[in-house]
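Descriptive structure summary
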Amino acid sequence: ICMDDARFLGRLLDVIENDIVPLTEAGVARGNKLFGAAILRKLDLSLVLAETNNETENPLWHGEIHALKCFYELPKAERPDTRDCIFIATHEPCSLCLSAITWTGFDNFYYLFSHEDSRDSFAIPHDLKILKEVFTLNPGGYNRENAFWKSHAMLDMANALSPAERDTALKRIAAITEKYDKLSAIYQASKSDSDIPLS
């Protein structure tokens with residue numbers, strides 16, 4: 001990847017804002033949660049695909065899982081090797097999605113909102129509850145860098161930039177957060193009508 005940190009982060013935010021958010025708006029309108037994902041080629045950061053949560057069809061189709069399902073439905077000749085790809089998750093992946101990213105061979109993932117954000121800002125506490133109840137892990141208790149992959153929090157990436165670049169990135173993140181806050185309000189208002197087990 002031949003670009004500086006600010007431009008690289010800008011590209012990740014572009015994908016969330018321009019490719020994932022429109023899909024998520026449609027998904028939330030159908031009663032799904034607001035989690036989405038995308039896969040890019042490392043070589044040129046071109047988009048392979050973007051997807052969003054589709055739990056109204058199947059409670060396993062979290063944003064990341066649904067993206068992986070669609071990725072493996074691409075013709076093999078058009079599907080890059082996962083080791084040659086970047087995985088973007090709008091929200092820090094849950095235990096199901098962490099495992100799926102691992103099993104499919106990605107060596108990285110980047111996320112915008114943390115597990116704590118999912119619980120505190122978006123009123124979706126299941127990620128942290130499952131990590132605690134099933135795996136006895138406290139928030140942040142899993143290995144963010146391990147033999148399989150390295151994870152990257154976009155907020156940390158923004159805060160590591162030079163002051164001017166940091167301010168630009170943080171304003172961009174704030175604008176995207178505002179969009180997700182609106183989507184969250186729509187989801188929360190309608191979730192009682194869904195038959196998603198952990199809504």
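The structure presented is a predicted model; accordingly, all values stated were derived computationally and were not measured. Each chain has its residues counted from 1, running along the sequence as written. This being a predicted model, a pLDDT of at least 70 is required before a residue's local features are given, and a value of 80 or more before pairs of side-chain atoms are given or counted; all residues contribute to the totals for chains, interfaces and linings. Side-chain measures were taken over the full set of non-hydrogen atoms in the model, leaving aside hydrogen atoms and water.

Focus on helix 3 (residues 95-103)
For clarity, the threshold we go by: For the exposure calls, accessible area comes from a 1.4 Å probe over protein chains only, and a residue counts as buried if that area is under 20% of its type's maximum, exposed if over 50%, partly exposed in between. A helix here means a DSSP run of H or I that spans at least four residues, while a strand means a run of E at least two residues long, and both kinds are numbered starting from the N terminus. Only heavy atoms matter for contacts: two residues are in contact if any of them lie within 4.5 Å across the pair.
All of the buried residues in helix 3 are Ser95, Cys97, Leu98, Ala100 and Ile101. Check the buried side of helix 3 and you find it contacts helix 2 (63-73), strand 3 (85-91), strand 4 (108-113) and helix 5 (126-135). Note on helix 3: the residue one or two positions beyond its end, Gly105, has a positive phi of about 90 degrees.

With respect to the side chain of Glu64
Put simply, the rule reads: The charged-residue count follows a simple rule in which Lys and Arg add positive charge and Asp and Glu add negative charge, with His and chain termini not counted at all. Think of a salt bridge as a Lys or Arg side-chain nitrogen and an Asp or Glu carboxyl oxygen that are within 4 Å of each other.
Tracing the backbone through its elements, the reader meets Glu64 in helix 2. We note that Glu64 is buried and unpaired, the nearest opposite charge coming from Lys33 at a distance of 10 Å. Those residues in contact with Glu64, other than ones at most four positions away along the chain, are Ala37, Phe87, Ala89, His91, Pro93, Cys94 and Cys97.

Here's the deal with the nonpolar core
What counts here: Among the buried residues, those of types Ala, Val, Leu, Ile, Met, Phe, Trp, Tyr and Cys that are joined through side-chain atoms within 4.5 Å form a nonpolar core.
The biggest cluster of nonpolar side chains holds 32 residues, and the ones touching the most others in it are Leu12, Ile16, Ile88, Met154 and Tyr180. At the level of elements, helix 1 (5-29), strand 1 (36-41), strand 3, strand 4, helix 6 (154-159) and helix 7 (163-190) are the ones that each hand at least two residues to this core. Counting 24 residues, the second-largest nonpolar core is a separate cluster that includes Ala37, Cys97, Ala100 and Tyr111.

Overview of the pairing of strand 3
Under the convention used in this document: Paired strands are those between which DSSP finds at least two bridges. Handedness of a crossover is defined as follows: with both strands directed away from the viewer, a clockwise route from the first strand across the helix to the second makes it right-handed.
Across the seven residues that make up strand 3, a large majority, seven, are buried. Pairing geometry for strand 1 and strand 3, over five bridges, is antiparallel. Residue pairing across strands places Leu40 opposite Ile86, the latter belonging to strand 3. Note that strand 3 and strand 4 share three bridges and pair parallel. Pairing of His91 across the sheet is with Phe113, part of strand 4. The handedness of the strand 3 to strand 4 crossover, carried by helix 3, is right-handed.

Describing unusual backbone geometry
Even without a glycine there, the phi angle at Leu45 is positive, about 60 degrees. Assignment of secondary structure puts Leu45 in the loop between strand 1 and strand 2 (47-52). Judged by its relative accessible area of 2%, Leu45 is buried. At Thr136, a position not held by glycine, the phi torsion is positive, near 55 degrees. Residue classification places Thr136 among the exposed residues on the basis of a relative accessible area of 63%.

Things to note about a nonpolar patch on the surface
Heads up, the condition is: The patches reported here contain residues having more than 30% relative accessible area and no salt bridge. Joining distances are 9 Å for like charges and 5 Å for nonpolar side chains (Val, Leu, Ile, Met, Phe, Trp, Tyr). Residue-level accessible areas treat just the shown protein chains as cover; the underlying method is Shrake-Rupley with a 1.4 Å probe.
Nonpolar side chains collect at one region of the surface, where Ile130, Val134, Phe135 and Leu198 lie side by side and expose about 350 Å² of accessible area between them. You can see Ile130 is positioned in helix 5. Relative accessible area serves as the criterion here: at 30%, Ile130 is assigned to the partly exposed category.

A short note on the sheet that holds strand 1
Under the convention used in this document: Throughout, an axis means a line fitted to C-alpha atoms (over the contacting stretch in the case of helices), and angles, computed between N-to-C directions, take values from 0 to 180 degrees.
The strand order 2-1-3-4-5 describes an open sheet built from five strands, whose pairing is mixed. The sheet is open, and its two edges are formed by strand 2 and strand 5 (150-153), each paired on a single side. Ignoring which end each strand starts from, the neighbouring axes of this sheet average 20 degrees apart. Pairing geometry for strand 4 and strand 5, over four bridges, is parallel. By the bridge assignment, Tyr111 is partnered in strand 5 with Ala153. Strand contacts of helix 2: strand 1, strand 2 and strand 3, with the helix running at about 135 degrees to strand 2, the strand carrying the most contacts.

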